[in-house]
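Analysis of the macromolecular model
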Amino acid sequence: MPKIVQNQDPIETKDIPGNTMIEMIKVSRTYAPDIKALSDISFTVDTGELFFLIGRSGAGKTTLLKLICNMDTPSKGLIEVAGHNINNLKGKKLAHLRQKIGVAYQDFKLLSDRTVAENIAISMEVSYKKPRAIRQRVRDLLEQLQLTDKHDALTGDLSRGEQQRIALARSVANSPRLILVDEPTGNLDAATTERVMDLLTRCNKAGATIVIATHDASIYQKGNHRVMELRNGKIHSLSRNSR
Amino acid sequence: MPKIVQNQDPIETKDIPGNTMIEMIKVSRTYAPDIKALSDISFTVDTGELFFLIGRSGAGKTTLLKLICNMDTPSKGLIEVAGHNINNLKGKKLAHLRQKIGVAYQDFKLLSDRTVAENIAISMEVSYKKPRAIRQRVRDLLEQLQLTDKHDALTGDLSRGEQQRIALARSVANSPRLILVDEPTGNLDAATTERVMDLLTRCNKAGATIVIATHDASIYQKGNHRVMELRNGKIHSLSRNSR
Amino acid sequence: MNFWFAVFRQAGRNLRQTWTSQFMTFLTVSLSVLIFAFFYLIYTNMIGAGDRLSDDLRLIVYLEDDPGPEMQEQLRRKINNFDKTESIQFISKSDAYERFAEQLGEDSDVLTDMPRDFLPASIEVVPLKSLRGYNQIKLFSEYLATLPGSEKVQYGQEWVERFYYFTRLITIVVLLSGTLLILTATFMVAYTIRLTIMGRHEELELLKLVGATNNYIRTPFLLEGTLQGLMGSIIGLSALYILFQWISLHFTGPGLINLFHFTFFPPMVIVSIILGSIGLCTIGSFTSIQKFLKI
Amino acid sequence: MNFWFAVFRQAGRNLRQTWTSQFMTFLTVSLSVLIFAFFYLIYTNMIGAGDRLSDDLRLIVYLEDDPGPEMQEQLRRKINNFDKTESIQFISKSDAYERFAEQLGEDSDVLTDMPRDFLPASIEVVPLKSLRGYNQIKLFSEYLATLPGSEKVQYGQEWVERFYYFTRLITIVVLLSGTLLILTATFMVAYTIRLTIMGRHEELELLKLVGATNNYIRTPFLLEGTLQGLMGSIIGLSALYILFQWISLHFTGPGLINLFHFTFFPPMVIVSIILGSIGLCTIGSFTSIQKFLKI
Ligand SMILES: Nc1ncnc2c1ncn2[C@@H]1O[C@H](COP(=O)(O)OP(=O)(O)OP(=O)(O)O)[C@@H](O)[C@H]1O
Ligand SMILES: Nc1ncnc2c1ncn2[C@@H]1O[C@H](COP(=O)(O)OP(=O)(O)OP(=O)(O)O)[C@@H](O)[C@H]1O
Ligand SMILES: [Mg+2]
Ligand SMILES: [Mg+2]
């Protein structure tokens, strides 16, 4: 059973320096005209942690992930990722940090007129990986996600669940230090969900910090990790699964 | 417990004339170069039935729904919807039939630069409903789906789960006789899923035939209805939930 | 009229929501009409000027002797037999003397000592306007040279030649650039319309899926096309008219008044241009949208 | 050189995957260059022809009497003081008589009875080419009329006036249509490039999110822009050259040879046009893409 700690102050975990991957201090995000997507969020995620973000639809999970990967800027507050204040980063430095962050977006952001292999390769190409290494990695990932036969299919032709797996594959392809995953199993059946979680667990074991936003109770209720629940843009609870 | 009937011959249900909403006879769909998305599918759905379609990712659920609403044409076989051979329909007749079919697509197909209200209204406008009736219906639906405050928001700005509900609202807005729903709860939490299913059940009670393709065991395992499982484009089982 | 209500609502929405690309299309149409009309105007005025310039074209046949009235009649008949003419005028030796004296003006006293028949008699032939191709003039002059009593035929060969080559050159240049431009303009308008419609293919597809009839989808776009054609051509023609007024104002110099009598298009041509523009835009919208409806 | 490898791979992919819109842009650039160069060519040739036509412009000052050598020197000085000239030639009464006789040719025997000084003496003034504005000529002629012993100044006023108005008109027409066209062409190229890039904004955004540096994203597009500018201008100029050859071939008539001595652009101008086209396309791509990188 999870141990629920209402509105826990995350300062205590912040004290371990060099070990914090994400740190948010009093972060708010307001959209025009008056939508408070996030208000006063403070928490930290340690390096190597597997962290779950849950909450009802519209609670602000995606907004939070967007802030972490600098797709969006907070209205207020401070966000540090791997020791960098991500809102002050620009140009090359921002690009290099982003190469170390893999994101599986909720709307996938796949290039529908490119092949599956090209879509997965894109994150590796950007950091100038060798073509042979890229080919090898793409094949490995497709095999793990049971999509080997889709290697040369156009991404736009795939089924929704297949696309979701491609988006995930792209996010982990470049072996990033931080992986943000938004609703990775929304279009997947139980067996495929298992495979996806296996892949993520393996990445986590290899040292990557992973933040997963999800509704799927089956994936966050087992294992020993922290789960943060958002409600109307506020932290409702931050607890550690005891199992 | 569901009663599993392997590869059941659906001819027996076809015998009740005037009562069959969907009838498929030996339907196949092959994509270039050699992808058998569906092969030899035969089944019927009665008028007023709530029918579930399940199967692993890539099994062919979306393809089947696309064939029913004539978004795609079968490579082989016959499809009848409400007594019309849907592949021979053209022009105005096809348009009129489509007005009677509501579809919630897996990829939503929302117009992201229009407001929520405009998106929902579109299916009613097409069949020349009165503006007042449209406004009333849109407000009702938004209330049932807990989205009243998003009435004038641009659909592109919404969270994924909110968009999913808008897509559903659009599909039922025009009170169609046949509602096809593809993965309606992939981005929704349990409580919101409940609301969505309530809405669909209400439509079903009002006489609409509903086909739901889903992975979510929680929605198809309760109630008394038939569940068809696809596996690699073939019917793996067609059973009736006994509860 | 539910249908027309829906169509106008849809067209209004489109204009509101995609006004940038609508505006771009409108601008393209205006520019195209402006360019086309501009060249067409130049062409018509050029032809007018050419006509007026060749008004003073006349062939002069110098004769050995003053022809008698009978001879004149015979010559007149022969000339008219070969080719129709605008006018034929006989100038006797004394007529020629008087003309020359007139031309000399103040200096005419130098002629006092001259015999009144020292200049040759001649026939002035003004050919029909329609028969003024350079080669025809040449042929005609060659024929005139064979007339009995003809000594020499003059028609300012060099000047006529230059003039004909020049107008022919200008005509070709105008026609060539006109064709080029009209091609470019049509291509541009078609491409812009196509892109505008392509940019909204999601909406078009959704409308089809939701059960809209082809007319429901198509009519707002055709309406937009018509509107763009109408507005574009009116604005283009207005711009041209302003330009035209400006040029006219700057060229009221006395030297050109008789050479270039600028005229704007007659109402019929204006109406044709507007209708043509509307037609093209509507057809462009129609074909572009038809692709989506067939899918 | 990982960077350049990536850039070329990306540019190659773009060309392969979006070749229709690339081709449209290329076509637009070609047409624009063709139209621009066409008008520029007409303009330069027109100016050349104008120069050549006004070669025979000369002012003739009729004098009361033959001026003596001293007087000639004085007049020459006075004229040159007022305005620089190309040449000043004095024609005595007997020179004038000989010229007239020459002009009459066969008929010169009519002059046998005339005194050799019945025609007036004159000065032929050829003004500098650079000073041939219509008003300057008029001023000049007015000044010449005030010279001591001057009776009358002739320079074919009517002809000069017509000619000047005509060239001015043509120049204005060419400049106006040229500006119009260049505006249209630039607008079109910019719009096309913008639309092409807009059509791929998903890819651009993804590349940014995935950690591509701005140069990684931008360089392939700039390369494409450069390539399109280069190819477009070369094709446009080639088409123009073919057109030019065709026109030249059809206007080798003797009448125009001395009037229009057609010339194509010198190499410097060709290079400038190509560089200009490359520059415009590259800048167009740059500004269009910059919008995405700033978001
Ligand atoms: N760009 C935007 N403009 C306006 N409102 C926005 C915007 N983005 C998000 N919102 C609103 O902010 C709230 C939180 O959105 P968010 O996408 O973070 O939800 P979520 O937790 O990811 O939900 P879901 O589970 O449905 O994906 C929602 O009510 C949404 O409508
Ligand atoms: N247009 C297409 N071209 C090629 N292959 C296609 C096309 N559409 C679907 N497929 C393939 O057909 C198979 C079935 O696709 P479908 O979309 O029906 O799956 P699904 O059951 O809906 O899966 P999911 O649960 O992931 O949505 C998949 O393997 C898919 O890749
Ligand atoms: Mg979300
Ligand atoms: Mg599907």
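Right above here is the structure, for reference.
Residues numbered from 1 in each chain as written. Chains lettered and ligands numbered in written order. Predicted model: local features only at pLDDT ≥ 70, side-chain atom pairs only at ≥ 80, totals over all residues. Heavy atoms only, no water.

To continue, consider the coordination of the magnesium ion (ligand 4). Residues and elements named next belong to chain B. Donor atoms from the polypeptide that bind the magnesium ion (ligand 4) are T62 (OG1) and Q106 (OE1), placed at 1.8 to 2.1 Å. Of this pair, T62 sits in helix α2 (residues 61-68) while Q106 sits in the loop between β6 (101-104) and α4 (116-126); the two residues are 44 residues apart in sequence, bridging distant segments of the chain. Judged by its relative accessible area of 11%, Q106 falls in the buried class. (Donors = N, O, S within 2.8 Å, 3.2 Å for Na, K, Ca; no water. Helix = DSSP H or I, 4+ residues; strand = E, 2+ residues; numbered from the N terminus. Buried < 20%, exposed > 50% of the residue type's maximum accessible area, 1.4 Å probe, protein only.)

Turning to the pattern of salt bridges, a few remarks are in order. Considering all chains together, one arrives at 22 salt bridges over all chains under this definition. Measuring nitrogen to oxygen at the nearest pair gives 3.8 Å for the salt bridge that ties B:E118 to C:R13. With one member in each of two chains, B:E118 in helix α4 and C:R13 in helix α1 (residues 2-17) form a pair that bridges those chains. Across the salt bridge formed by B:R231 and B:E229, the nearest N and O atoms sit 3.2 Å from each other. One network of salt bridges, in which partners are shared, links A:E118, A:E125, D:R9 and D:R13. (Salt bridge = Lys/Arg side-chain N within 4 Å of Asp/Glu carboxyl O.)

Turning to the site of ligand 2, a few remarks are in order. Around ligand 2 sit 20 residues in total, of which A:S159, A:G161, A:E162, B:T62 and B:T63 are the nearest. Bordering ligand 2 are residues originating from chains A and B. Contacts to ligand 2 include A:K150, whose side-chain N or O atom sits 2.9 Å from an oxygen atom. Between an oxygen atom of ligand 2 and a side-chain N or O atom of B:S57, the distance comes to 2.8 Å. Burial of ligand 2 by the surrounding chains reaches 90%, relative to a free accessible area of 630 Å². Elements that contribute at least two residues to the shell around ligand 2 include exactly α6 (160-173) of chain A together with β2 (35-46) and α2 of chain B. Taken together, the residues of the shell around ligand 2 break down into five nonpolar, 10 polar and five charged. (Near = heavy atom within 4 Å. Polar contact = N/O pair within 3.5 Å; in protein donor to acceptor, adjacent residues only side chain to side chain. Areas by Shrake-Rupley, 256 points an atom, 1.4 Å probe, with all protein chains shown as cover. Nonpolar A, V, L, I, M, F, W, Y, C, P; charged D, E, K, R; others polar.)

What follows deals with the interface of chain A and chain B. Taken together, the contact between chain A and chain B spans 21 residues of the former and 21 residues of the latter. Buried surface at the junction of chain A and chain B, summed over both partners, amounts to about 1,700 Å²; 41% is from carbon and sulfur atoms. Summed over the three residues of chain A that lose the most area to chain B, namely A:R56, A:S57 and A:R160, the buried surface amounts to 32% of that side. The interface formed by chain A and chain B contains two salt bridges. The shortest N-O distance in the salt bridge between B:D189 and A:R56 comes to 3.3 Å. At the junction of chain A and chain B, the tally comes to 16 residue pairs in polar contact (both at pLDDT 80 or more). Listed by contribution, the elements that provide at least two residues to the side of chain A that touches chain B are α6 and α7 (190-205) of chain A. The greatest single-element share of the side of chain A that touches chain B, amounting to four residues, is contributed by α6(A). (Contact = heavy atoms within 4.5 Å. Buried area = accessible area lost by both parts, 1.4 Å probe.)

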